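Read off the chains here:
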Amino acid sequence: MDSASAANASTRPWIVIAAKAIVALQSLGIVYMLTSTWVTVAVATGFVVVFLAIRALSRAARQVDRIFEEELGRQ
């Protein structure tokens, strides 16, 4: 197993993605109920930043795996 296979979004069933979206929205709802709108916006921004960072790192890991396979496969 390579380093990107565990985080490959294309192999996950749609139900897992839907469940994660529901959990994220419920978390934002709880934050909104306990705090203000601005705190909720900040937490939502944090969720988006973390999601984008994970996606970028997964893509980079796949690219590194491909480069290593090309370079090490030549020898």
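Attention here is on the structure that accompanies the text. Just so we're clear, the structure is a prediction, and the values are computed from it rather than from any experiment. (Residues numbered from 1 in each chain as written. Predicted model: local features only at pLDDT ≥ 70, side-chain atom pairs only at ≥ 80, totals over all residues. Heavy atoms only, no water.)

**Notes on a nonpolar patch on the surface**
- On the surface, Ile30, Tyr32, Met33 and Leu34 cluster together into a nonpolar patch covering about 510 Å² of accessible area.
- With respect to the helices, strands and loops of the structure, Met33 is situated in helix α1 (residues 14–34).
- Its relative accessible area of 69% is what places Met33 among the exposed residues. (Patch = residues over 30% accessible without salt bridge, like charges linked within 9 Å, V, L, I, M, F, W, Y side chains within 5 Å. Areas by Shrake-Rupley, 256 points an atom, 1.4 Å probe, with all protein chains shown as cover. Salt bridge = Lys/Arg side-chain N within 4 Å of Asp/Glu carboxyl O. Helix = DSSP H or I, 4+ residues; strand = E, 2+ residues; numbered from the N terminus. Buried < 20%, exposed > 50% of the residue type's maximum accessible area, 1.4 Å probe, protein only.)

**Remarks on helix α2 (residues 37–73)**
- Here α2 is 37 residues long and its end C-alpha atoms lie 54 Å apart, about the 54 Å a rise of 1.5 Å per residue gives.
- Those residues of α2 that fall on the buried side of the exposure criterion are Thr40, Ser58 and Ala61.
- Contacts from the buried residues of α2 go to α1. (Expected span 1.5 Å × (residues − 1). Contact = heavy atoms within 4.5 Å.)

**A word on the pattern of salt bridges**
- Scanning all chains against the criterion turns up one salt bridge.
- Linking Arg66 and Glu70 is a salt bridge whose minimum nitrogen-to-oxygen distance equals 4.0 Å. In this pair, Arg66 and Glu70 are both assigned in helix α2, four residues apart and thus about one turn of the helix distant.

**Structural notes on the packing of α1 against α2**
- For the pair α1 and α2, interaxial distance at closest approach is 8 Å and the crossing angle is 155 degrees. By the angle between their directions, the pair α1 and α2 is classed as roughly antiparallel. Considering only the axes of α1 and α2, their crossing is right-handed. Note on element contacts: α2 touches α1 through Thr37, Val39, Thr40, Val43, Ala44 and Phe47, opposite Ala24, Ser27, Leu28, Val31 and Tyr32.
- Taken together, the residues of the contact of α1 with α2 break down into eight nonpolar, three polar and no charged. (Axes fitted to C-alpha atoms, helices over the stretch in contact; angles between N-to-C directions. Parallel < 35°, antiparallel > 145°, perpendicular 65-115°, else oblique. Left-handed = near helix turned anticlockwise from the far one by under 90°. Nonpolar A, V, L, I, M, F, W, Y, C, P; charged D, E, K, R; others polar.)

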